[in-house]
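So you can see what is in the structure, the chains are spelled out below.
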Amino acid sequence: MRPLDENETTAVFNKLHKFVGNNLKNIVLDAQSNEGPDSKPGRYCFRLQKNRVYYVSESLIKRATNVKREKLVSLGTQIGKFTKVGKFQLTIQSLNLLAANAKHKVWLKPTSEMSFLYGNSVLKGGLGRITENIQVNDGVVVFSMSDVPLGFGDAAKSTVDCRKMDPNGIVVHRHADIGEYLRMEDDL
Amino acid sequence: MGKKKQKVVLPPELPPDVPDEDIEVTAEDVHFINENLDYASYLSNLDTKSITKHVSRVADVNEGALELLYEKRMRKKLDGKDKEQPGMEVDPVDALPVKTPLGKLYYRRVTKEPKEGEEESKEGDSITKGPSFVKLTKTEKRLNTKKSRKEAKKQAKEEEVLQIPQAEVLDEVKKDLTAEEARESKKYKLAVLGTSLLADPESNIKNIKEMLEISKDEDSAIVMLGLKSLVAVFKDIIPGYRIRLPTEKEQEMKVSKDVKKMRFFESTLLSAYKAYVQKLVALQQQTVYKRVAVRCLCTLLEALPHFNFRESLLAAVVKNISSQDDVVRKFCCATIKSLFTDNGKHGGEATVEAVKMIAELVKAYNCQLHPDSIEVFLSLSFDEDLGRPEKPVMNKRGQNNKSKKKKDADDQKQMLENERKKNRKEMLSKTREEVKADFKAASFAQDTHERRRMQSQTLSAVFETFFRILKHAVESTSEASSVPGTSGSHPLLAPCLNGIGKYSHLIDMDFMPDLMNSLGKLAGNGSKSSEKSYQLTVSERLRCCIVAFKVMKSNLDALNVDLHDFFVQFYNLILEYRPGRDQGDVLAEALKIMLCDDRQHDMQRAAAFIKRLASFSLCFGSAESMAALVTVKHLLLKNLKCRNLLENDAGGGSVAGAIAKYQPDAMDPNRSGALASVLWELNLLKKHYHPAVCSIANSISTMNTSNNQVYHSHVSPLQAYTDLSQLDKSFAPSSDVKKGNNKKRKGSDNMPVKVVSEADLIDQMDENVVRKKLGEHFFLLRDIQENEKLRSELDRTTLSLNLYDQYKKQKKRKTR
């Protein structure tokens, strides 16, 4: 377990910024944890452990130092991993963090929720609602109509273009969805 | 004309007419006087003529014998007189004599003349012109009555002069009279010319030039009268078509008498009209004539938008549309509005021109105009079935092309099959087209294509103006921020936003992103980028939000777009709202459109809005808080989970989402964590002084969390606001304190009544005390202010005295 170096930090922050925009500040600076014996609320930080990036409270970090690096399986919330090429990928566990701070959102109709959870992209026909001002390649968090976060992805079309599309066009390319908890149980 | 001159001469002759026949009656009179000799001397002073006439009239009614005499007299009189006489006796106004200060009875016979003439012209008019003469006669009448009154006065004066034969006075009066007479004669001439024109415009058309000459007079009153009467004349005699002067070729051709006459009429009319319009345009520059000239221009434009020289009229009117003068501006705006509303008169062309001119004006003045000048756009009307004239036209054309192509393909097939058929078809289509063209030429109805083209032109000009204003508002403020002294005020923004809201369904999709962008910027008031600050009022920013929602709503193509940015702006705007300063109805409208009409909301956002509205209804006025509470109720009904706010224990944890604690100062409603809070405000609102607010707070707090009854309150926030604000005017809070107490009394029966009444007393006492204290406080404040004023004055005077002393000393030194 170690803090991220500079390149890694920029990679992680860039990725997060794509989804949450200026709310990144909330994740990094403003979030306060009330765990541990300290009366003062601690902050959250990012830690790297076996190529995976975790979002951990300070008090937990202190306690985790007691565990040997090889033996430490996981701590805090995993938000992503570095691939073998060195690129950073957000994993589905980061969904809660993203959903709370998301800038661009898409709501799915109940009929198309299932299709998305099987790993398909979001089509125009399945779109229940969409925030305005989405540009192409912005990070988008996908919700059900009852505001349950389902996953996230890249915008394939801007909001304006969405209007003119036919219902079979892809609106959001899927990155991760909560179906992965079942489908890819071993990889996570 | 001759007839009239006769009539003019006649009336003075009438009085001498009377005594001839009255010999017998005077005998009666003598008898009467003999009976009352005391009064005889006094009577001798009086004008016997008029009195005798008066007496004779009475006698006429009483004694049948005298009727014979009258009949004789009638027979003697000419026919023309005959006509006049009954008119005079019947007319109630003229039957009553006027008593001059000297006690003479004066019968207003002169007044009859112009009216008589007018009546004739009326008759002629009603045959030839029909409906449009009513207004004209009014103005003419006014003119004429004025004139007649003045003439009556003049006559009285003359008689006065005769009565007191003093040379000096006579001279003086005569001098006055010559000036006045000239004026009177001019006025009279105007009236005569006008009536003659109206009676038979085609033969008397030359008179119009004389009228024009008169209106070039030096006397401003005469000029005004001339201008006004010319308007009346033009309005009535100008034909319902555009005059085209004959070309030289046409003039060379031989034509019948009638046509010649007609041509002469048209050409003189046109030249006179041209001269008149030019004169008006020139006169409106002068302050003296400004109002008259503008009014004339407006009435002309309103009445004759189809006629020649419309462009110059329009230009002049549009120029004055944002005039500093309220009267002028209102005239111009009303005219333009009427121009927009009845397109039928001019076939829409004038509308297009006017809109384009206004657009130019806005461009030229860099959006610094009076709001009225844009507000006229609101009275424009576009056909609903035309719907989005800009795009559908294109689409339809495309479709037509496609269908044509299809048809062509079919035709080719058919041609291969059968050429004869095709030929017949061509023939058919050709004849059809010919018939269509003929029909078009014959029918007055406008071609739909033409109409569509016209409307799309208008619309594009209107939106160009709107977008220019918006852009200006966005850009100029950034400049203003660099130069803090010049605050960029946007007089046109409010009507512009209204206009965009009204025509939002007509906006082209391609403009949407830009529009939303600039609206967002304006609504945000530069909160995002700190270096920019837009000087917009809260109501204007609220309007921006409303417009954005309206635009989105009317352009929803099965795509539900969530305007989160605007929600954030609105969430923060609620904080900045001040009941007295800002317009409550705008807030209520925003509440309705943004929160009530929208179908879905995030739970977090809804909760945040509920919490914020509830807390701010504590400090709003009763009407605003009513609107806010109606919204809260609506949101709570829709969002089941938000009813956790009504529970006593703060939710927190899993219910509240990521944020465990309520943060009232969060900018983003999603980050406020309102679900973790409790709506304690309702308990305070239950004790609100206004019974309506009180009752709705009660009904909200009794809403059940588990019960999922879907009943919707039909009252919108806007409606609630207007209802209550109207009520508020007649609503005195002090009386309601008692009401509230009464309610309390009913609610708490176990409380002794005495205590309550004491509480009442205490309340009243408190009120008195508070009033006294406030009064004292304000007196003190005023005293302090006055003191300060006096002190500053004292300082100034002492300073000036000192300076004066120094000056004196210096002078002395110099003199030494």
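Calculation notes
- Residues numbered from 1 in each chain as written.
- Chains lettered and ligands numbered in written order.
- Predicted model: local features only at pLDDT ≥ 70, side-chain atom pairs only at ≥ 80, totals over all residues.
- Helix = DSSP H or I, 4+ residues; strand = E, 2+ residues; numbered from the N terminus.
- Buried ≥ 20, exposed ≤ 12 C-beta atoms within 10 Å, placed from the backbone.
- Pairing = 2+ DSSP bridges.
- Axes fitted to C-alpha atoms, helices over the stretch in contact; angles between N-to-C directions.
- pLDDT = per-residue confidence, 0-100.
- Contact = placed C-beta atoms within 7 Å.
- Nonpolar A, V, L, I, M, F, W, Y, C, P; charged D, E, K, R; others polar.
- Expected span 1.5 Å × (residues − 1).
- Parallel < 35°, antiparallel > 145°, perpendicular 65-115°, else oblique.
- Core = buried A, V, L, I, M, F, W, Y, C linked by C-beta atoms within 7 Å.

Turning next to the overall build of chain B. Looking only at helices and strands, chain B features 35 helices and three strands. Residue burial in chain B is summarised as follows: out of 816 residues, 31% are buried.

What follows is about the sheet that holds strand S1 (residues 44-49) of chain A. Residues and elements named next belong to chain A. Across the sheet, which stays open at both edges, the four strands sit in the order S1-S2-S3-S4 with antiparallel pairing between neighbours. At either margin of the open sheet sits one strand with a lone partner, and together these are S1 and strand S4 (88-90). Within the sheet, the average angular offset between the axes of one strand and its neighbour, ignoring direction, is 30°. Examined bridge by bridge, strand S3 (residues 77-82) and S4 share three bridges and lie antiparallel to one another. Along S4, the bridge assignment pairs glycine 80 with leucine 90.

What follows deals with the confidence of the model for chain B. All names here are of chain B. Here chain B shows a mean pLDDT of 70. Residues at 70 or above account for 63%. Here residues 528-532 is a poorly scored stretch, pLDDT under 50, and it has five contacts once near neighbours within four places are set aside; other chains count. When the criterion is pLDDT under 50, residues 733-757 qualifies, and its contacts beyond four places in sequence or with other chains add up to 15 contacts. Quick note on the complex model: pTM equals 0.59, ipTM equals 0.75.

Moving on, we get to the interface of chain B and chain A. Counting residues at the interface gives 18 residues for chain B, matched by 15 residues for chain A. Of all the secondary-structure elements, those providing two or more residues to the side of chain B that touches chain A are helix H24 (512-524), strand S3 (561-562) and helix H26 (564-576) of chain B. Its residues assigned to classes, the side of chain B that touches chain A comprises nine nonpolar, four polar and five charged. Bridge count for strand S7 (residues 127-131) of chain A against S3(B) is two bridges, and the pairing is parallel. Pairing of A:Ile130 across the sheet is with B:Val561, part of S3(B).

Taking 1.5 Å per residue, 18 residues should reach 26 Å; helix H12 (residues 220-237) of chain B reaches 25 Å between its end C-alpha atoms and fits that length. Counting buried positions along H12(B) gives 14 out of 18 residues, so the element sits mostly inside the fold.

Glancing now at the sheet that holds strand S10 (residues 170-177) of chain A. Here we have seven strands laid out as an open sheet, ordered S6(A)-S10(A)-S9(A)-S8(A)-S5(A)-S7(A)-S3(B), and mixed in their pairing. Each edge of the open sheet is held by one strand with a lone partner, namely strand S6 (122-123) of chain A together with S3 of chain B. Summarising the sheet, strand S5 (residues 105-108) of chain A and S7(A) pair through three bridges and their orientation is antiparallel. Note on S7(A): the bridge partner recorded for A:Trp107 is A:Arg129. Running over the sheet, helix H5 (residues 110-117) of chain A touches S5, S6, strand S8 (139-144), strand S9 (149-155) and S10 of chain A and is turned about 75° from S9(A).

We now examine the packing of H12(B) against helix H15 (residues 290-303) of chain B. A pair of packed helices is captured by two measures, namely the crossing angle of their axes and the spacing between those axes. All names here are of chain B. For the pair H12 and H15, the least separation of the axes is 10 Å and the interaxial angle reads 0°. Classified by the angle their axes make, H12 and H15 are roughly parallel. Here Met224, Leu227, Lys228, Val231, Phe234 and Lys235 of H12 come into contact with H15, specifically with Val292, Ala293, Cys296, Thr299, Leu300 and Ala303. Class assignment for the residues of the contact of H12 with H15 results in nine nonpolar, one polar and two charged.

Here the focus is unusual backbone geometry. All names here are of chain A. The phi dihedral of asparagine 133 falls on the positive side, at around 65°, and the residue is not glycine. With respect to the helices and strands, the residue asparagine 133 is situated in the loop between S7 and S8. Judged by the 19 C-beta atoms lying within 10 Å of it, asparagine 133 is partly exposed. For aspartate 147, which is not a glycine, the phi torsion comes out positive at approximately 65°. Looking at where aspartate 147 falls in the secondary structure, it is placed in the loop between S8 and S9.

Glancing now at the confidence of the model for chain A. Confidence in the prediction of chain A, expressed as mean pLDDT, is 87, and 98% of residues score 70 or more. S9(A) holds the highest mean pLDDT among the elements of chain A, 92, whereas helix H6 (residues 159-164) of chain A holds the lowest, 80.

Residues and elements named next belong to chain A. Most of strand S2 (residues 52-57) sits inside the fold, with five of its six residues counted as buried. As paired strands, S1 and S2 are joined by six bridges and run antiparallel to one another. Across the sheet, the residue bridging to cysteine 45 is valine 56, located in S2. The antiparallel hairpin formed by S1 and S2 contains two residues in its connecting segment, where lysine 50 sits at a positive phi of about 55°. With four bridges joining them, S2 and S3 adopt antiparallel strand pairing.

So, on to the nonpolar core. Of all hydrophobic cores here, the largest spans 187 residues; its most connected members are A:Val106, A:Val142, B:Leu297, B:Val317, B:Cys545, B:Ala548 and B:Ile610. When residues of this core are assigned to their parent elements, the largest contribution, 10 residues, is made by H12(B). Residues contacting B:Ile610, with those up to four places away along its chain left out, are B:Val632, B:Leu635, B:Leu636, B:Cys642, B:Leu645 and B:Ala674.

Here we take up the pairing of S10(A). Note that S6(A) and S10(A) share two bridges and pair antiparallel. In the sheet register, A:Val122 faces S10(A), and the bridge partner there is A:Val172.

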